[in-house]
Each structure stands twice: as structure tokens, then as C-alpha cells.
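Examination of the molecular architecture
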Amino acid sequence: MSKVSYYTAEGLKKLRDEIDHLRDVERPKASNAIAEARDKGDLSENAEYDAAKEAQAMLEMKISKLEAVLANARLIDESQLDTSKILVHSTVKIKNQTNGMEMTYKLVAQSEADLKAGKISVDSPIGKGLLGKKQGEVAEIQVPNGILKFDILEISRD
């Protein structure tokens, strides 16, 4: 059974665009590389042909995985989400109790995660630890280095 992933309209469009690019641009390139390698002669000793076939197989596997993700993707209407607790697509402001550092993150599907943009996956240890928490609560999150404690300062949708 495949896992359902929740996306914003922007994230879903990005996923579809990536699949379209792989199908419409990369797949023909892979076929051309195989054809060019085949034209060079004996296939039994043609490393270029073997490499092209392997690259094509990897591309097809990637397309297949992304299509499976897309088939199980669900669009979230962020305006209908509850802001009283942290859910997928919540923007949350937290404060690390150990060092007093404040951070703001948006919880997103794993494929949309981008730490530089402040988007963390709901499947990450911190993302999992924040889910379901309410403003004013303390999230105790098990990470490889031990337990981190975060004060939940603010929850919003944007």
C-alpha cells in the first residue's frame, strides 16, 4: 500500500512539471543515446551501449516512483486547516529551550522539504515531534544526539 502525501498547489505543480520533463525531455535523450551507441557496432563489447541502457533503466525507475507519488498525492486546501494545532502545511515558530534560538518552519511533504527555504518534512524527527502540538506546549523530540525541547510559540497558515 502506498503512502498518501499532502501537497500545496505549488508543490503538486512542481511534481507534475518534474514528471513531464522526465517523460518529454529526458526519456527521448536516453533513447537517442541508446540508438547512437547501437550504431557504433558490436553490442557485446560496447560499454557505451550498456551505460546508455542502464541510464535509461534508472530514468524509467525514477519516472515510475514519481508517478506513484503523484497517484497518491492529495491537494490541501490550506484555508480549511485547523490552526489550533500543528498539522501538515502549518507554519510554526519554535524556540529551542537549550540555546534560546527561535526558528520558523513550514511542515511539508517529504518531496517538498527544503531546509534553506524553511520547509521541513513531516517525516523528519522534528516534523514528527511537532505534529499535533498546540501553541504554548513543549515538544520533546528524540534526535540522534538526545532529546531536544522546543516551546511552540506560534502556529499559522500562509
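What counts and how
- Residues numbered from 1 in each chain as written.
- Predicted model: local features only at pLDDT ≥ 70, side-chain atom pairs only at ≥ 80, totals over all residues.
- Heavy atoms only, no water.
- Core = buried A, V, L, I, M, F, W, Y, C linked by side-chain atoms within 4.5 Å.
- Buried < 20%, exposed > 50% of the residue type's maximum accessible area, 1.4 Å probe, protein only.
- Helix = DSSP H or I, 4+ residues; strand = E, 2+ residues; numbered from the N terminus.
- Contact = heavy atoms within 4.5 Å.
- Salt bridge = Lys/Arg side-chain N within 4 Å of Asp/Glu carboxyl O.
- 1 Å grid on protein atoms, 1.4 Å probe; cavity = no way out; pocket = protein on both sides within 12 Å on 5 of 7 lines; lining within 4 Å.
- Points joined across faces, edges and corners; volume = space filled by probe spheres on them.
- pLDDT = per-residue confidence, 0-100.
- Pairing = 2+ DSSP bridges.
- Axes fitted to C-alpha atoms, helices over the stretch in contact; angles between N-to-C directions.
- Polar contact = N/O pair within 3.5 Å; in protein donor to acceptor, adjacent residues only side chain to side chain.

**Quick look at the nonpolar core**
One finds I86, V92, I94, L107, L130, I141 and I152 to be the most contacted residues of the largest nonpolar core, which totals 17 residues. Only β3 (91-96), β4 (102-108), β6 (138-143) and β7 (146-156) provide two or more residues apiece to this core. Leaving out residues up to four positions away in the same chain, L107 has contacts with I86, L87, V88, H89, S90, V92, I120, V122, G127, L130 and L131. Counting 11 residues, the second-largest nonpolar core is a separate cluster that includes I19, L22, I63 and A109.

**Section: the pattern of salt bridges**
Applying the stated criterion to the full structure yields eight salt bridges. Between K13 and D17 there is a salt bridge, and its shortest N-O distance comes to 2.7 Å. Here D17 and K13 lie together in helix α1 (residues 9-38), a separation of four residues that amounts to about one turn. Across the salt bridge formed by E140 and K149, the nearest N and O atoms sit 3.9 Å from each other. Its relative accessible area of 36% is what places K149 among the partly exposed residues. When salt bridges with common partners are traced through the structure, they connect D20, R23 and E67 into a single cluster.

**Examining the layout of surface pockets**
Quantified by volume, the largest pocket comes out at close to 270 Å³. Forming the boundary of the largest pocket are 15 residues, of which K3, S5, A109, Q110 and D123 lie nearest the centre. Those elements giving two or more residues to the lining of the largest pocket turn out to be β1 (5-7) and α2 (47-71). With three residues, β1 is the largest single contributor of residues to the lining of the largest pocket.

**Looking at the confidence of the model for the chain**
On average, the chain scores 86 in pLDDT, and the residues at 70 or more come to 92%. The lowest-confidence element of the chain is β1, averaging 76 in pLDDT; the highest-confidence one is β3, averaging 92.

**Description of the sheet that holds strand β5 (residues 119-121)**
The strand order across the open sheet formed by five strands is β5-β4-β3-β7-β6, and the pairing between neighbours is mixed. At either margin of the open sheet sits one strand with a lone partner, and together these are β5 and β6. Ignoring which end each strand starts from, the neighbouring axes of this sheet average 45° apart. Of the pairings in the sheet, the one linking β3 to β7 comprises six bridges and is antiparallel in character.

**Some words on the side chain of N96**
For N96, the location among the structural elements is in strand β3. A distance of 2.8 Å separates a polar atom in the side chain of N96 from the backbone nitrogen of T98.

**Quick notes on the pairing of β6**
With burial as the criterion, only one face of β6 is covered, namely that bearing A139, I141 and V143; the residues V138, E140 and Q142 on the opposite face remain uncovered. By the bridge criterion, six bridges tie β6 to β7 in an arrangement that is antiparallel. By the bridge assignment, A139 is partnered in β7 with F150. The hairpin formed by β6 and β7 contains two residues between the paired strands.

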